[in-house]
Amino acid sequence: MANDNLIVEEAGGLVTITMNRSEKRNALSVAMMSEMLARLREIGGRTTARVVIIAGAGPAFSAGHDLAELKGRDLSFYRREFDICAELMTAIQEIPQPVIARVHGVATAAGCQLVAACDLAVAGDSARFATPGVKIGLFCSTPMVALTRAVGRKHAMEMLLTGEMIDAYTAERWGLVNRVVPAADLIAETNKLAIKIAHASALVVGIGKRAFYAQIDLDTAGAYAHTKEVMSCNAATADAQEGITAFLEKRNPVWRGK
């Protein structure tokens with residue numbers, strides 16, 4: 001399924017959303033962000049969708065917000081722009097399916113934010129990342145939210161204050177991406193990771209993803225209080241009992257999503 005801003009493909013439970021504004025280096029216009037947000041929410045309600053991959057068409061993953069859209073607007077427009085951006089980044093983590101960024105070329109500003117907001121990220125070896133807003137007088141304040149939750153404080157501040165590019169291997173070392181692969185293998189390696197995840201119970205993956213984000217900013221006691229209840233309820237599900245039984249019987253489990 002395609003329109004001016006997105007190409008959406010689905011096969012074997014993997015849904016690939018490709019940003020399709022290659023002539024603008026997949027700049028995140030209000031229209032594109034709104035469409036991606038609507039698509040993610042729709043996917044989130046479907047049990048047939050197991051893993052989501054976000055990619056970019058053309059030479060770049062995403063160069064961030066569409067600066068032409070930000071020139072000469074009033075405060076209400078800017079608030080709407082960044083409201084939609086925040087909703088999009090939040091939706092990525094709220095839907096039950098794991099979301100993987102498949103990154104090639106540059107991922108800058110809100111494009112870097114999009115990578116940081118995804119649950120996982122695979123980068124081609126020529127990919128580069130930056131939050132360069134400081135260079136044009138518009139500090140990357142909203143990208144900072146996702147970035148500081150993906151990399152350490154000192155690394156995040158270096159990216160935010162200098163605006164300089166980091167290469168894919170630095171991004172991997174800092175925790176912004178999970179792995180770096182040869183550019184020619186990027187699609188295959190991302191799909192391989194997605195398929196590994198799709199083998200698990202979708203119900204259980206969704207439970208785990210929600211619990212991960214719920215506990216991550218709690219103190220230790222609060223995190224254990226939350227996750228022990230989550231794990232107790234998980235253990236009582238039919239899929240957990242099937243998985244335990246299958247392991248003991250040395251066979252593959254048959255998930256029922258219950």
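Higher on the page you've got the structure.
Residues numbered from 1 in each chain as written. Predicted model: local features only at pLDDT ≥ 70, side-chain atom pairs only at ≥ 80, totals over all residues. Heavy atoms only, no water.

## Things to note about the overall build of the chain
Working step 1: If you tally the helices and strands in the chain, you get ten helices and nine strands.
Working step 2: A compact globule built from 258 residues would reach a C-alpha radius of gyration of about 18 Å, and the chain, at 19 Å, matches this within 12%.
Working step 3: Considering only C-alpha atoms, the chain reaches an extent of 65 × 45 × 35 Å along its principal axes.
Working step 4: Looking at the chain as a whole, 44% of its 258 residues are labelled buried.
Working step 5: Expressed as a percentage of contacts within the chain between residues at least 6 apart in sequence, the contacts between residues at least 24 apart total 66%.
Working step 6: Total accessible area on the chain stands at roughly 13100 Å², and carbon and sulfur atoms take up 57% of it.
Working step 7: Computing the positive centroid from 28 side-chain charges and the negative centroid from 27, the chain places the two 2 Å apart. (Helix = DSSP H or I, 4+ residues; strand = E, 2+ residues; numbered from the N terminus. Rg over C-alpha atoms; globule rule 2.2 N^0.38 Å. Buried < 20%, exposed > 50% of the residue type's maximum accessible area, 1.4 Å probe, protein only. Contact = heavy atoms within 4.5 Å. Areas by Shrake-Rupley, 256 points an atom, 1.4 Å probe, with all protein chains shown as cover. Lys, Arg positive; Asp, Glu negative; His and termini not counted. Charge placed at Lys NZ, Arg CZ, Asp CG, Glu CD.)

## Regarding the layout of surface pockets
Working step 1: Within this model, the largest pocket holds a volume of roughly 750 Å³.
Working step 2: Split by residue class, the lining of the largest pocket holds 18 nonpolar, seven polar and four charged.
Working step 3: Considering only enclosed or pocket space, the second largest pocket measures out at about 270 Å³ in volume.
Working step 4: Lining the second largest pocket are 18 residues, and of these His-65, Ala-109, Gly-133, Leu-138 and Cys-140 sit closest to its centre.
Working step 5: Here the lining of the second largest pocket gets three residues from one element, more than from any other, and that element is helix 4 (residues 141-150). (1 Å grid on protein atoms, 1.4 Å probe; cavity = no way out; pocket = protein on both sides within 12 Å on 5 of 7 lines; lining within 4 Å. Points joined across faces, edges and corners; volume = space filled by probe spheres on them. Nonpolar A, V, L, I, M, F, W, Y, C, P; charged D, E, K, R; others polar.)

## Some remarks on the environment of Met-157
Working step 1: Structurally, Met-157 is set in helix 5 (residues 153-162).
Working step 2: A relative accessible area of 42% places Met-157 in the partly exposed class.
Working step 3: Taking the C-alpha atoms as reference points, Met-157 and Leu-147, ten residues apart in sequence, are found 9.4 Å from one another.

## Description of the packing of helix 2 (residues 75-94) against helix 3 (residues 110-117)
Working step 1: One can describe the packing of helix 2 onto helix 3 by two numbers: an axis separation of 9 Å at closest approach and a directional angle of 20 degrees. In this view, helix 2 runs roughly parallel relative to helix 3, as classed from their interaxial angle. For the pair helix 2 and helix 3, the sense of crossing is right-handed. Only Ala-110, Gln-113, Leu-114 and Ala-117 of helix 3 make contact with helix 2, whose side of the interface consists of Cys-85, Met-89, Ile-92 and Gln-93. (Axes fitted to C-alpha atoms, helices over the stretch in contact; angles between N-to-C directions. Parallel < 35°, antiparallel > 145°, perpendicular 65-115°, else oblique. Left-handed = near helix turned anticlockwise from the far one by under 90°.)

## Considerations on the environment of Ser-76
Working step 1: Structurally, the position occupied by Ser-76 is in helix 2.
Working step 2: In this structure the C-alpha to C-alpha distance between Ser-76 and Lys-250, which are 174 residues apart in sequence, comes to 60 Å.
Working step 3: Within the local environment of Ser-76, its side chain forms a polar contact with the side chain of Asp-74, the two groups lying 2.8 Å apart. (Polar contact = N/O pair within 3.5 Å; in protein donor to acceptor, adjacent residues only side chain to side chain.)

## Thoughts on the nonpolar core
Working step 1: Formed by 56 residues in total, the largest nonpolar core has its most connected members in Ile-54, Val-115, Phe-129 and Leu-176.
Working step 2: When near neighbours in sequence (up to four residues on either side) are disregarded, Ile-54 contacts Ile-17, Met-19, Met-36, Phe-61, Ile-92, Val-99, Ile-100, Ala-101, Arg-102, Leu-114 and Cys-118.
Working step 3: If you look at the next biggest cluster of nonpolar residues, it comprises eleven residues, including Leu-14, Val-51, Val-181 and Leu-193. (Core = buried A, V, L, I, M, F, W, Y, C linked by side-chain atoms within 4.5 Å.)

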